[in-house]
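Observations on the model geometry
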Amino acid sequence: MVASALRRAVTIGLVAGAAALYVGLVGLVEAFQPRNIVTGYLGLGTVMLGIIAFVAGYRAGAPMRVGRGAVAPLGAGPILAASLLAGAIAGAMLGALVVVMDAVNLQVMLVSASAGLKDALMFTDDAISSALVLVGLSAAIAVVAAALHLLPERIRRPITWSLVTVLLISMLEPIVRVMLVQLDAQWSFLPFGELANFLYLRGGLTLTATIVLLVLVPIVIVGWANRDRLRQRRERREPRDDELIEDIADTTTRPRERRRLTTSQMIWWGLFGLFLVTAPFILGVRLSEVIGTVGLFVLLGLGLNIVVGYAGLLDLGYVAFFAVGSYVTAVLTSPASPAFAPELSFWAALPFVMVAAALIGLMVGFPVLRLRGDYLAIVTLGLGEIARILFLSDWLAPWVGGAQGILRIPPPEPIGRDPQQLYYPIVLFCILAAIAAWSLANSRVGRAWNAMREDEEVAEATGINTTKYKLLAFATGAAFGCIGGAFFAVKIGSVFPHSFDIEVSINALAIVILGGIGSIPGVILGAAVLVGLPELLREFAEYRLLIYGALLVAMMILRPEGLIPNRQRQAELRESEDDDDQYASDAGAETGEPVITTGAAG
Amino acid sequence: MTQTQAPPEGTATERGHILEARKVTKVFGGLVANRDVDFAIPYRSIVSLIGPNGAGKTTFFNQLTGIFQPTSGEIEFEGRSIVGLPAHRIVERGIGRTFQNIRLFGDMSVIGNVMVGHHVRMSSPWWASLLRLPATRAEEAATRQRAKELLELVRLPRRYEEEWAKNLPYGDQRRLEIARALASEPKLLLLDEPTAGMNPGETANTTKLISRLRDELGISILLIEHDMKVVMGISERITVLDYGQKLAEGSPQEIRTNPQVIEAYLGRQATTE
């Protein structure tokens, strides 16, 4: 087993090394290096390489799979040896790059093999010694990462969380700092400004702040855990660690059960509500605008989630609904609408947008009623493009202005186009949409959709009018998408056909997949990550699609159920990996014990 | 058999039949799966459909439930034709079914599966679900309650309620399918090999359950089954299909001694020796 662990470590090391080289040679390291994580000490480029070494070490020290579904942890020796090997290999590959770059000018072939990259990788003046430092550092990081496997959960968690917190607080500098500055302006008697100056320097954390955070976060987490433990001890005998793990596995592999809000949950919700109301003033104009954009995609994501997540109809032409929503709003409200300009107010136009949405949903729904899976995806993809081309066409140009689009769309009364005000209706509609989606999902309708997704033929034979429910899914999804489109129109103030290309559909789908198919909180988080972060971290803009792709691939491998999974879908994906364990799970169910597939533990 | 007959006098209901199929023929391409099958199920009876593999039993079933449409022939349920109706409308009329190879909604909870079954008997429209009107919530609660009762009826342990359907042991999955079918409040229940793959104990339980459904709930039952002990034990009438045609019909005793049936099942030798 040790031999196979080492073999695995070599593979992991080579993959990690290749990843590091790739990241370096496409220019990511150089591009991100100016972004400070710890100002003066660490740039984001270096941190990225460090994360690669960290992940490599962690994977190399992970328990080995023995047979299907079963895993065996490694001993301390093999873990350290394997991670050392993996880290050293990855480091050596980077080191080799440094040596080669020092000897010959690679930039002739590889544009990004620049001096900036070399600077980021050179820790000393000499290439050879720099390479050795890289090997050593990489191996050290890998060993530290692997050592986490040896620590008990209660020590491991504070450590990982403190690292993650430092990284997050540093990365979110644009948000956090602006927030603190705004707060300082409002309540200057509180030391928000001082806090901002203490935390940040030139876009990154200060060294002192880093150290303080690294110490403080574990203390808070340990304190919190102790509090929980004390409470549990008061309630009943203290459960052993392994029992706790079983409890967790139990709740995650089971479908949702009804729960009531506890007092502390109510307080958290109250605080959250208060934050939502005051957010535009705490966050300032720029961030309010970002939230508005995120909100649009939350609406799109929630709508697409109904079609794809609940009803299981893979729609790649979702942009059509978004476009129709925008254009209907534009035509009805703008005085510049070419043929027909009733100049309604935004709110008066909204009901018409909804009706148009339902109609367009049915129009898309009818032709694809008999299609499933791949065929449905291809046809809807085409329908989405048709929508864009129609709006661009000469045929519709007299009404919608062709390539010139429609300008001068008035903002919703009495709110102006000021992002800090537009924030409110967008967030309000996001909340309404989330509630609507949730209500439908947890009703007869949602059940019918789920049944249809599971097995259309049986759903029909169980009494579900699949035609009706498919159309209902499309119409509901369309309504959400169209409202998103309406807000898009007033937010920008003009509409053009080229705003509605396939990328919108892909973004919406990526949000749903990243967040967790069928999960409402997942959609919100997905939109925040995929739409909000690129808006904030401008360094990413150039590499956005690359990062999108990498993120989605990584998600599919590591967490196919999404960031905040719908519990139902999670079990589905996890257990299909272990279909051969049918007998094992049967036996588990027979004795009434919770069925825990080992795959779900990782 | 092949000569044309005048349609029978009176209505099916007057003859005491909840379901009547007359000269049902189903052709797939060149393959005749059912040829001129005449078949009737009296009210409150347990009727079995047997025959060798590939005799066209399941095809016949699928025509009764609207999954296939017969090429020709007539099917009447409670005196009204059901030919041409989509499957969900037939469920609404009152025919429930289970599947030969269990087809549950595996990634839904056990109780969720049963609640889907009750879908046709719920009346709140989609917009009422959207608004979570009190009547809708009451209906939802009543459905959940009804589902629990049905799970109890088919003897599924209470702790399974929130379990994934696919995690249940095989026998329980079959029972869950029956509960799902019952949730649609059928007047006629079609069971496609309900005891397939069960051990003798489970088979006995299921047999008992089927009898209870008829005796206590008054549901008529049509059974496809290979286990002769089950078939002979609970059916009042048995119809034998072979090569898509009706071979024989009668009480269990008549079928047991019918030479044609024995030949179809065991080959010619068995009858001559």
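Residues numbered from 1 in each chain as written. Chains lettered and ligands numbered in written order. Predicted model: local features only at pLDDT ≥ 70, side-chain atom pairs only at ≥ 80, totals over all residues.

A few words on the overall build of chain B. On a plain count of helices and strands, chain B comes out with 11 helices and 10 strands. Computed over the C-alpha atoms, the radius of gyration of chain B is 20 Å, within 12% of the 19 Å expected from 2.2 N^0.38 for a compact globule of 273 residues. Split into buried and exposed, the 273 residues of chain B put 45% on the buried side. A sequence separation of at least 24 residues applies to 67% of the contacts in chain B between residues at least 6 apart. (Helix = DSSP H or I, 4+ residues; strand = E, 2+ residues; numbered from the N terminus. Rg over C-alpha atoms; globule rule 2.2 N^0.38 Å. Buried ≥ 20, exposed ≤ 12 C-beta atoms within 10 Å, placed from the backbone. Contact = placed C-beta atoms within 7 Å.)

Helix and strand counts for chain A come out as 25 helices and 6 strands. Intrachain contacts of chain A at a sequence separation of at least 6 include 77% that bridge at least 24 residues.

Below, the discussion takes up the confidence of the model for chain B. Averaged over all residues, the pLDDT of chain B equals 90, while 94% of them reach at least 70. Per-element confidence in chain B is highest for helix α3 (residues 110-117) of chain B, whose mean pLDDT is 96, and lowest for helix α11 (residues 268-272) of chain B, whose mean pLDDT is 56. (pLDDT = per-residue confidence, 0-100.)

A word on the packing of helix α13 (residues 319-333) of chain A against helix α15 (residues 373-392) of chain A. Residues and elements named next belong to chain A. Interaxial distance between α13 and α15 falls to 8 Å at its minimum, and their mutual angle equals 30 degrees. Classified by the interaxial angle, the pair formed by α13 and α15 is roughly parallel. Within the contact between the two elements, α13 uses V319, A320, A323, V324 and Y327 and α15 uses L383, G384, A387, R388 and F391. Looking at side-chain class alone, the contact of α13 with α15 contains 8 nonpolar, 1 polar and 1 charged residues. (Axes fitted to C-alpha atoms, helices over the stretch in contact; angles between N-to-C directions. Parallel < 35°, antiparallel > 145°, perpendicular 65-115°, else oblique. Nonpolar A, V, L, I, M, F, W, Y, C, P; charged D, E, K, R; others polar.)

All names here are of chain B. Taken in spatial order, the 4 strands line up as β2-β1-β4-β5 in an open sheet, and their pairing is antiparallel. The open sheet has two edge strands with one neighbour each: β2 (31-42) and β5 (80-81). Of the strand pairs in this sheet, strand β1 (residues 17-28) and β2 are connected by 8 bridges, and their pairing is antiparallel. Among the inter-strand pairings, L19 is bridged to a residue of β2, identified as I41. Packed onto the sheet, helix α1 (residues 57-64) meets β1, β2 and β4 (72-77) and runs at close to 65 degrees relative to β2. (Pairing = 2+ DSSP bridges.)

With that out of the way, let us pick up the interface of chain A and chain B. Contacts between chain A and chain B engage 32 residues on the former and 37 residues on the latter. Among the elements that take part in the side of chain A that touches chain B, helix α18 (residues 444-454) of chain A stands out by supplying 7 residues, more than any other. Of the residues assigned to the side of chain A that touches chain B, the class counts are 13 nonpolar, 9 polar and 10 charged.

Given a rise of 1.5 Å per residue, 48 residues ought to cover 70 Å, yet the end C-alpha atoms of helix α12 (residues 263-310) of chain A are separated by just 31 Å, more than 12% below that figure. Taking the largest bend as the criterion, α12(A) deviates by roughly 125 degrees, centred on G284(A). (Expected span 1.5 Å × (residues − 1). Bend = angle between axes of the 7 residues up to and from the residue.)

Our next topic: the confidence of the model for chain A. All names here are of chain A. Per-residue pLDDT for chain A has a mean of 84; in total, 89% of the residues score no lower than 70. Between the elements of chain A, mean pLDDT differs from a low of 38, seen in helix α25 (residues 582-590), to a high of 95, seen in α13. Overall, residues 238-258 carries pLDDT values under 50, and its contacts beyond four positions in sequence, including any with other chains, amount to 29 contacts. Contacts from residues 575-602, a stretch scored under 50 in pLDDT, to residues over four places away or in other chains number 43 contacts.

Let's shift gears to the nonpolar core. Counting residues in hydrophobic clusters, the biggest one holds 165 residues, and the most contacted among them are L299(A), A320(A), V324(A), A473(A), C482(A) and A179(B). When residues no more than four places from it in sequence are discounted, the contact partners of A179(B) are V114(B), L150(B), L151(B), V154(B) and L156(B). Among the nonpolar cores identified, the runner-up in size contains 56 residues, and I52(A), A90(A), L117(A) and Y200(A) belong to it. (Core = buried A, V, L, I, M, F, W, Y, C linked by C-beta atoms within 7 Å.)

Our next topic: unusual backbone geometry. A cis amide bond, omega -5 degrees, links E413(A) with the succeeding residue P414(A). Relative to the elements of secondary structure, P414(A) occurs in the loop between α16 (397-400) and α17 (419-441). Phi angles above zero are rare outside glycine, and R408(A) is one such case at about 55 degrees. If you trace the backbone, R408(A) turns up in the loop between α16 and α17. On the basis of neighbour counts, which here come to 12 C-beta atoms within 10 Å, the residue R408(A) falls in the exposed class. For E78(B), which is not glycine, the phi torsion reads 50 degrees and is therefore positive. The residue E78(B) is located in the loop between β4 and β5 in this model. E78(B) sits in the partly exposed class, given 18 other C-beta atoms within 10 Å.

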